[in-house]
Amino acid sequence: TQLLEQSPQFLSIQEGENLTVYCNSSSVFSSLQWYRQEPGEGPVLLVTVVTGGEVKKLKRLTFQFGDARKDSSLHITAAQPGDTGLYLCAGVSMIKAAGNKLTFGGGTRVLVKP
Amino acid sequence: NAGVTQTPKFRVLKTGQSMTLLCAQDMNHEYMYWYRQDPGMGLRLIHYSVGEGTTAKGEVPDGYNVSRLKKQNFLLGLESAAPSQTSVYFCASSFPSGGAGGELFFGEGSRLTVL
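Described in the following lines is the structure provided in the data block. (Residues numbered from 1 in each chain as written. Chains lettered and ligands numbered in written order. Predicted model: local features only at pLDDT ≥ 70, side-chain atom pairs only at ≥ 80, totals over all residues. Heavy atoms only, no water.)

**Some points on the side chain of Arg68(B)**
Residues and elements named next belong to chain B.
- Among the structural elements, Arg68 can be located in the loop between strand 7 (64-67) and strand 8 (73-78).
- Here Arg68 occupies a buried position and makes no salt bridge, while the nearest side chain of opposite charge, Glu30, is found at 5.6 Å.
- In this structure the side chain of Arg68 is engaged in a polar contact, spanning 2.8 Å, whose partner is the side chain of Ser49.
- Here Lys71 takes part through its backbone oxygen, which lies 2.7 Å from a polar atom of the side chain of Arg68. (Helix = DSSP H or I, 4+ residues; strand = E, 2+ residues; numbered from the N terminus. Buried < 20%, exposed > 50% of the residue type's maximum accessible area, 1.4 Å probe, protein only. Lys, Arg positive; Asp, Glu negative; His and termini not counted. Salt bridge = Lys/Arg side-chain N within 4 Å of Asp/Glu carboxyl O. Polar contact = N/O pair within 3.5 Å; in protein donor to acceptor, adjacent residues only side chain to side chain.)

**With respect to the interface of chain B and chain A**
- Tallying the contact residues gives 25 residues for chain B and 24 residues for chain A.
- Of the roughly 1,800 Å² buried between chain B and chain A, counting both surfaces, carbon and sulfur atoms make up 53%.
- Along the contact surface separating chain B from chain A lie four residue pairs in polar contact (both at pLDDT 80 or more).
- For the side of chain B that touches chain A, the class distribution of residues is 14 nonpolar, nine polar and two charged. (Contact = heavy atoms within 4.5 Å. Buried area = accessible area lost by both parts, 1.4 Å probe. Nonpolar A, V, L, I, M, F, W, Y, C, P; charged D, E, K, R; others polar.)

**Quick notes on the pairing of strand 1 (residues 4-7) of chain B**
Residues and elements named next belong to chain B.
- The alternating pattern of strand 1 places Val4 and Gln6 on a buried face and Thr5 and Thr7 on a face that is not buried.
- Summarising the sheet, strand 1 and strand 3 (residues 19-25) pair through four bridges and their orientation is antiparallel. Paired with Val4 across the bridge in strand 3 is Gln25. (Pairing = 2+ DSSP bridges.)

**Here we look at the layout of surface pockets**
- Its boundaries defined by the atoms lining it, the largest pocket holds a volume of some 580 Å³.
- Residue lining of the largest pocket: 27 residues in total, with Gln37(A), Arg109(A), Gln37(B), Val88(B) and Arg111(B) positioned closest to the centre.
- Looking at the lining of the largest pocket, its residues break down into eight nonpolar, twelve polar and seven charged. (1 Å grid on protein atoms, 1.4 Å probe; cavity = no way out; pocket = protein on both sides within 12 Å on 5 of 7 lines; lining within 4 Å. Points joined across faces, edges and corners; volume = space filled by probe spheres on them.)

**Describing the packing of aromatic side chains**
Residues and elements named next belong to chain B.
- This structure, assessed with the given rule, holds nine aromatic pairs over all chains.
- Pairing Tyr35 with Phe106 gives two aromatic rings, centres 6.0 Å apart and planes at 45°, and the pair type is tilted. Of this pair, Tyr35 sits in strand 4 (residues 31-37) while Phe106 sits in strand 10 (residues 105-106), and the two are 71 residues apart along the sequence.
- Among the residues examined, Phe106 registers a relative accessible area of 11% and is labelled buried.
- Here Phe90 and Phe106 contribute two aromatic rings whose centre-to-centre distance is 6.4 Å and whose plane-to-plane angle is 85°, an arrangement assigned as edge-to-face. In this pair, Phe90 is assigned in strand 9 (residues 87-94) and Phe106 in strand 10, connecting sequence segments 16 residues apart. Both residues of the pair, Phe90 and Phe106, belong to the buried class. (Phe/Tyr/Trp six-rings, centres within 6.5 Å; stacked < 30°, edge-to-face > 60°.)

As structure tokens, this is what we get:
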């Protein structure tokens, strides 16, 4: 079983501060996805990183895939209250089995206070 | 655009009762999934389907059954509910994809409490 560990589990910061969320595994993944989930809703895809060492930016969010494709990070610059939510990383297995099955991390709950 | 719709949104069951959660998607996706979400454990895959008439087990299939009789619908059944099945259940769907993994589109969730 492939496991993804996210840290920290909970992060509370003031508006304008920066934050980083980590997603680590001992397994290699074909690609990694980041989702954000708001209360009462399902997760929504933010980004997919595919290549080892890849960096993707989405406005104030920066996503990085580790060189060995075992870990990833999400960095938010100048966080805003609208960034509040549960952030989930999800790995796509290297095994080419049918189904697009994802392994999800435990999630990081981010609270940005105004 | 409805996307992925789950019914019911909330349900309270007594131990031993049975129920079915219905998921419907209008995006013509081949793949559909049922996940459960528990605090601190992220999302765990219960069952999934890669096409009409097919189903397969995920990480935590015990105590659940599924059916995909129509491409747009994916049903999750609990034959004899247990308190350990208290959770929020999410249905998702996607197109088939290669190594990059396809984007999963999720419903809003169904909160189930088993007393």
